[in-house]
Amino acid sequence: MLDQGAPPHHPTGNGPASPGLGARLMRRKPVERLVAEGGQGEGGSLRRSLGLWRLTMISIGATLGTGIFVVLGEAVPKAGPAVTLSFVIAGLTALFSALSYAELAGTIPVAGSSYSYAYATMGELIAWICGWCLVLEYGVSVAAVAVGWGEYLNDLLDGTIGVTIPAALSAPPGDGGLFNLPALIVVLLAMAFLLGGARESARANTVMVVVKIAALVLFCAIGVQGLRTGNYENFMPLGMAGVSAAGATLFFSYIGFDAASTAGEEAKNAQRDLPRAIMLSLVVVTALYVLVAAVAVGAKPWRDFTDSEAALAQIMREVTGQTFWGTLLAFCAVVAIASVVLTVLYGQTRILFAMSRDGLVPKVFSRVHPKSGAPRANTLIVSLFCGVLAAAIPLGQLADATSIGTLFAFALVNIAVVVLRRTRPDMPRTFRVPLSPVLPALGLGFCVWMMGSLSAVTWVVFGVWMAVGLVFYFVYGHRRSRLAPSEK
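The structure displayed is predicted, hence computed values, not measured ones. (Residues numbered from 1 in each chain as written. Predicted model: local features only at pLDDT ≥ 70, side-chain atom pairs only at ≥ 80, totals over all residues. Heavy atoms only, no water.)

What follows is about the packing of aromatic side chains. Inspection of the entire model under this criterion finds 16 aromatic pairs. Taking 5.1 Å as the distance between ring centres and 70° as the angle between the ring planes, the aromatic pair formed by Tyr-473 and Phe-474 counts as edge-to-face. You can call Tyr-473 buried: its relative accessible area is 0%. The lysine or arginine in question, Lys-300, covers the ring of Phe-305, its NZ or CZ lying 6.0 Å from the ring centre. (Phe/Tyr/Trp six-rings, centres within 6.5 Å; stacked < 30°, edge-to-face > 60°. Buried < 20%, exposed > 50% of the residue type's maximum accessible area, 1.4 Å probe, protein only. Lys NZ or Arg CZ within 6 Å of the ring centre and 35° of its normal.)

So, in structure tokens, the structure goes:
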């Protein structure tokens, strides 16, 4: 098949002319080729075993829990009671991008998510930048959520056996500890599930999602008894700047639908089910986030949150005056946050799988185990990296780094859906973004606005990360790309 994205070679007296650097950076991978290669890896293929229910559970599993169980204590001091508005703003930003994701996931049902969408529409360099952002988004998100898991594990241990893990082994350097052992443990547990294959991982995730939804409903039922109207006074103490800053921090809680799109090559009917799973999960998650946040700030003065990473369990104890309910919630949170680690780690491995298949990262990441149908070496490498990151870096820094990578990738997806509409208008689409290009433009604008709300330190980290990625691309990926056979 003719590569529609690759620049033509013009014969000369000395043979075919080599395309210029600009043309090589802009070479695109045709949609038909992306889809045809779906599931194919080194030595085997991924297995199509996921239906609508499991895809939706993957999406909810990667989303629900992160912003409430872990980052609420980080966000409330920034926005006050208006943290509920921060969740709404983050959810709207996610919604506009989710619409674009839904259209592209139904049109290009492959594992690479926004990386693959960019490759088909904007060229290899932009695709690499997007993929590199996704590595930041997913890898750091796993680490950030794992940090919060350790807080709830300690809360559970304290409420059941009266013992906690010493601070030196339960907090990273900079947060009063030496090494966050629980964070490493939960990543390794998720790795063990993923090594068994997508179907087995999806089953475990579904059970954990049911537990986390039940836990949040229980929190609302009990927490509402402690509501004090006075806690909502001075609703926006730090102004709109505080609301947007909290929203930017919370945004990394909404990457779940992105994780669902990485399952495109393991879905039974990806073109039909992926758009549905993306939209359904976002509606469920946003409604629960806003409801739980409203109850939390109503039951506890916003100044008393003090960056607590186990805020909901504390509120349960304060409202009831008993340790049992807080301990029960801590148990549910331990299960719930583990599902986030599992599903986001899954998404990270599938993105690297797609990038490896295209030749932009080493082949080891696309090597499929013939028995499990899972990229085992990929899973081991990514899990160990994320586990060490979680054990060594404080939560707040991780959350903001994840947000900026997520927002940048989402911005590119909003552009990609408009580009593909113009370049391939007749392509079959199982879902179409309404009012395009208006809604994709709004999605792009929201992403840029929220990126501007992040701290200068986060931007410096992002800049360094992108610089490292570009060096890797020009040294390795650019030359080994499967769209550049003549340069190998």
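Considering all chains together, one arrives at twelve salt bridges under this definition. One salt bridge in this structure joins Arg-27 and Glu-124, with 2.9 Å as the shortest N-O distance. In this pair, Arg-27 sits in the loop between α1 (21-25) and α2 (31-36) while Glu-124 sits in helix α8 (residues 124-160), placing the two residues 97 residues apart along the sequence. Side by side, Arg-27 and Glu-124 carry an identical accessibility label, which is buried. Arg-33 serves as the salt-bridge partner of Glu-37, at 3.2 Å between the closest nitrogen and oxygen. (Salt bridge = Lys/Arg side-chain N within 4 Å of Asp/Glu carboxyl O. Helix = DSSP H or I, 4+ residues; strand = E, 2+ residues; numbered from the N terminus.)

Moving on: the environment of Gly-452. With respect to the helices, strands and loops of the structure, Gly-452 is situated in helix α19 (residues 438-452). The class of Gly-452 is exposed, set by a relative accessible area of 57%. Here the alpha-carbon distance between Gly-452 and Ser-244, two residues 208 residues apart in the chain, equals 9.3 Å.

A few words on the environment of Lys-371. Here Lys-371 shows up in the loop between α16 (323-357) and α17 (376-392). Among the residues examined, Lys-371 registers a relative accessible area of 67% and is labelled exposed. C-alpha separation for the pair Lys-371 and Gly-196, spaced 175 residues apart in sequence, amounts to 9.2 Å.

Looking now at α19. The terminal C-alpha atoms of α19 lie 21 Å apart, and with 15 residues this matches the ideal 21 Å at 1.5 Å per residue to within 8%. Within the span of α19, buried status applies to Leu-439, Pro-440, Gly-443, Cys-447, Met-450 and Met-451. Buried residues of α19, seen end-on, are gathered within an arc of 115° and therefore sit on one face of the element. (Expected span 1.5 Å × (residues − 1). Arc of directions from axis to C-beta.)

This paragraph deals with the nonpolar core. In summary, soluble globular proteins display a tendency toward joint burial of nonpolar side chains. Membership of the largest hydrophobic core comes to 156 residues, with the highest contact counts inside it found for Phe-69, Leu-72, Val-83, Phe-87, Tyr-152, Phe-219 and Leu-312. Broken down by element, the residue count for this core peaks at 20 residues, all from α8. (Core = buried A, V, L, I, M, F, W, Y, C linked by side-chain atoms within 4.5 Å.)

Our next topic: a nonpolar patch on the surface. A cluster of nonpolar side chains, namely Leu-169, Leu-178, Phe-179, Leu-181, Ile-185 and Leu-189, defines an oily patch on the protein surface of about 520 Å² accessible area. Take the nonpolar patch: its biggest share by element is three residues, from helix α10 (residues 181-195). Within the secondary structure layout, Leu-189 lies in helix α10. Leu-189 gets classed as partly exposed once you look at its relative accessible area, which sits at 46%. (Patch = residues over 30% accessible without salt bridge, like charges linked within 9 Å, V, L, I, M, F, W, Y side chains within 5 Å. Areas by Shrake-Rupley, 256 points an atom, 1.4 Å probe, with all protein chains shown as cover.)

Right, let's get into empty space enclosed by the protein. All chains considered together, the criterion is met by one cavity of 30 Å³ or more. Lining the largest cavity are Leu-50, Ile-58, Ala-198, Ser-201, Ala-202, Asn-205, Leu-342, Thr-343 and Tyr-346. Those elements giving two or more residues to the lining of the largest cavity turn out to be α11 (198-223) and α16. Here the lining of the largest cavity takes four residues from α11, the largest share from any one element. For the lining of the largest cavity, the per-class residue count stands at six nonpolar, three polar and no charged. (1 Å grid on protein atoms, 1.4 Å probe; cavity = no way out; pocket = protein on both sides within 12 Å on 5 of 7 lines; lining within 4 Å. Points joined across faces, edges and corners; volume = space filled by probe spheres on them. Nonpolar A, V, L, I, M, F, W, Y, C, P; charged D, E, K, R; others polar.)

A separate point is a positive patch on the surface. A surface patch of positive charge is lined by Arg-47, Arg-199, Arg-203 and Lys-268. Within the secondary structure layout, Lys-268 lies in the loop between α13 (256-261) and α14 (270-299). Lys-268 gets classed as exposed once you look at its relative accessible area, which sits at 59%. (Lys, Arg positive; Asp, Glu negative; His and termini not counted. Charge placed at Lys NZ, Arg CZ, Asp CG, Glu CD.)

The next subject is the confidence of the model for the protein chain. Reading predicted coordinates in detail is not appropriate for stretches of low pLDDT. Scored by pLDDT, the protein chain comes out at a mean of 83, with 91% of its residues at no less than 70. Contacts from residues 1-13, a stretch scored under 50 in pLDDT, to residues over four places away or in other chains number 28 contacts. (pLDDT = per-residue confidence, 0-100. Contact = heavy atoms within 4.5 Å.)

This brings us to unusual backbone geometry. Ser-436 connects to Pro-437 through a cis peptide bond whose omega is 10°. The backbone of Asn-234 sits at a positive phi, close to 50°, despite the residue not being glycine. In this structure, Asn-234 sits in the loop between α11 and α12 (239-250). Phi at Leu-435 is positive, roughly 55°, even though this residue is not glycine. Here Leu-435 falls in the exposed class, since its relative accessible area comes to 63%.

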